[in-house]
Amino acid sequence: MMGVKLGPAGVPLSCKGRTIVEGMDDIIALGLETMEAQTVRLIQPQHFEQYWQAGVLANKAEFEMNIHGPYYSELLGNRVERGRSLAKIEATLQAARTINARHITLHTGHYGDFGRGSAANEQVANIFSSVVERVHDIWHDDEDEFPVFPWIKDGTPSKIGVETSGRQELWGSLEEVIEVVNHVEGTIPVLNIAHIHARGHGRMKTSEDYGELFDMVRESIGTKEFYCHFSGVEHRTGNAMHYTQIKKSDLNFEPLAEFIVEDGGWLDITLISDSPLLEHDAMYMLQNIDKAKHKQLERKAREDRRRALAAQTGTSVEDLQRREEEMAKLRTQGSQKEVAEEPKPEPKPEPVKEEKKPKKAAPKKKEAEEDVFSFEEDDDDLF
């Protein structure tokens, strides 16, 4: 069937140790298969040993490691800003080799003086083609005689991921990303579903929406491999404000799970949880995919039963289905009637209920306030 790998963006929250290797152990124990290391808290030379161990483990366990580049990038800025961003990206490329990363996710940043259009896209394409060249140089360094990274000798360099952005003033609409990826070999689109949803004013609603999205990317760049980020998101006026847990967002995961199970047999997809609940929401996604599989099996079993019954009784499958639907409708109408006909001996307790209601309402509101994840400070440059 299909290949779906799930994992968190960073070391799991529940992980007692804070190293990448301990994080990987916990992720594997949870039944997840991938993670995305975050550069923000990475690249300090004293941690080299730890990253190298992570690379060895990823290689042995066939665990998919990925890495996220600097959150704040200005690739369309002036020479100094661009140079600063490329220096940070260089550190990410070195770390990617050490931890055996399959994908490196990079941001482009503000449109700067370019504004939208072909000039900006051309500049981004030029920069990303030089990044691809650089990652190939790092991977195939002839002077590197030490077999420190056994995966380098036979492996292929990390793919450079160009991420969709979630704000109107940042380069990275879906169309822009696809155009650049089309022109630069060695790059892949990173479909950040929360960003695509926010930038499209809440556009990802149904499994058909996902079908259109994946078909469009497949037709444009001819890929079956997808690298995606998923999270709840708070958004206004076509801009992502900050990530939220999936259950607190208007971006639901069920339609994507349904699409993956029903129509995504051709997909090879890595799904990274960006949610503030990291691995918990990665597990929530996994459960949703399992639920969608069970629904599919139940539906197929019903269809098989209908076909067998139709053959026995000489009626058509359509007639049997119609009859089943009519019976189901009568059942629901019957149960609604029963509810309607139930006696209502409750005139006395009503005033008591009215007194209680305001008391209950206050803690509910407070609970809602406490539950809101406010990541605005940290996430200023995320989108």
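Higher on the page you've got the structure.
Residues numbered from 1 in each chain as written. Predicted model: local features only at pLDDT ≥ 70, side-chain atom pairs only at ≥ 80, totals over all residues. Heavy atoms only, no water.

Draft legend 1. Region of the structure containing the nonpolar core. By size, the foremost hydrophobic cluster in this structure holds 83 residues, and its most contacted members are Leu191, Phe214, Phe230 and Leu271. With 10 residues, helix H4 (residues 118–139) is the largest single contributor of residues to this core. Within the second largest apolar cluster, six residues are counted, among which are Ala9, Ile188, Tyr227 and Leu278. (Core = buried A, V, L, I, M, F, W, Y, C linked by side-chain atoms within 4.5 Å. Buried < 20%, exposed > 50% of the residue type's maximum accessible area, 1.4 Å probe, protein only. Helix = DSSP H or I, 4+ residues; strand = E, 2+ residues; numbered from the N terminus.)

Draft legend 2. Up close: the packing of helix H6 (residues 174–183) against helix H8 (residues 207–221). Put simply, H6 and H8 touch, their axes get as near as 10 Å, and they point 25° apart. In terms of axis orientation, H6 runs roughly parallel to H8. For the pair H6 and H8, the sense of crossing is right-handed. Between H6 and H8, the residues in contact are Leu174, Glu175, Ile178, Val181 and Asn182 and Leu213, Met216, Val217, Ser220 and Ile221, respectively. Tallied by class, the residues present in the contact of H6 with H8 amount to seven nonpolar, two polar and one charged. (Axes fitted to C-alpha atoms, helices over the stretch in contact; angles between N-to-C directions. Parallel < 35°, antiparallel > 145°, perpendicular 65-115°, else oblique. Left-handed = near helix turned anticlockwise from the far one by under 90°. Contact = heavy atoms within 4.5 Å. Nonpolar A, V, L, I, M, F, W, Y, C, P; charged D, E, K, R; others polar.)

Draft legend 3. Examining the packing of aromatic side chains more closely. This model, assessed by the stated rule, comprises four aromatic pairs. Judged by centre distance (5.4 Å) and plane angle (5°), the rings of Phe214 and Phe259 are stacked. With Phe214 in helix H8 and Phe259 in helix H9 (residues 254–263), this residue pair connects regions lying 45 residues apart in the sequence. Each member of the pair, Phe214 as well as Phe259, carries the same accessibility label: buried. Between Phe230 and Phe253 the ring centres are 5.0 Å apart and the planes differ by 85°, which places this aromatic pair in the edge-to-face class. Of the two residues, Phe230 is situated in strand S7 (residues 225–230) and Phe253 in the loop between strand S9 (239–244) and H9; the sequence distance between them amounts to 23 residues. With relative accessibility at 0%, the residue Phe253 sits in the buried group. Put simply, the rings of Phe214, Phe226, Phe259 and Trp266 touch in pairs and so form one group of aromatic residues. Above the plane of the ring of Trp266 lies Arg218, whose end atom (NZ or CZ) is 3.7 Å from the centre. (Phe/Tyr/Trp six-rings, centres within 6.5 Å; stacked < 30°, edge-to-face > 60°. Lys NZ or Arg CZ within 6 Å of the ring centre and 35° of its normal.)

Draft legend 4. Local environment of the sheet that holds strand S1 (residues 3–8). Reading across the sheet, the eight strands line up as S1-S10-S7-S6-S5-S4-S3-S2 and stay open at both edges, with parallel pairing between neighbours. Only two strands of the sheet have a single neighbouring strand rather than two, namely S1 and strand S2 (34–38). Averaged over all neighbouring strand pairs, the angle between strand axes comes to 25°, with direction disregarded. Note: S2 against strand S3 (residues 64–68), five bridges, orientation parallel. Across the sheet, the residue bridging to Ala37 is Ile67, located in S3. Contacting strand S4 (101–106), strand S5 (159–163) and strand S6 (187–192), H4 crosses the sheet at an angle of about 150° to S5. (Pairing = 2+ DSSP bridges.)

Draft legend 5. The arrangement of the environment of Glu81 in detail. Positionally, Glu81 belongs in helix H3 (residues 79–99). There is a polar contact of 2.8 Å between the side chain of Glu81 and the backbone nitrogen of Asn78. (Polar contact = N/O pair within 3.5 Å; in protein donor to acceptor, adjacent residues only side chain to side chain.)

Draft legend 6. Quick peek at H9. Looking only at H9, the buried set comprises Pro255, Leu256, Ala257, Phe259, Ile260 and Val261. Where H9 is buried, its residues contact S1, H8, S7, strand S10 (268–273) and helix H10 (278–313).

Draft legend 7. Representation of the pattern of salt bridges. Enumeration over the complete set of coordinates arrives at 12 salt bridges. The residue Arg299 makes a salt bridge to Glu262 at a minimum N-O spacing of 2.9 Å. Within this pair, whereas Arg299 is found in helix H10, its partner Glu262 is found in helix H9, the two being separated by 37 residues in sequence. Glu262 sits in the partly exposed class, given a relative accessible area of 30%. Across the pair Arg322 and Asp319 runs a salt bridge whose closest N-O atoms are separated by 2.4 Å. Placement of the pair is Arg322 and Asp319 together in helix H11 (residues 317–341), with a separation of three residues, close to one helical turn. We classify Arg322 as partly exposed; its relative accessible area is 45%. Among the charged side chains, a network of salt bridges with common partners joins Glu262, Arg299 and Glu303. (Salt bridge = Lys/Arg side-chain N within 4 Å of Asp/Glu carboxyl O.)

None of the figures reported here should be taken as evidence of function without further support.
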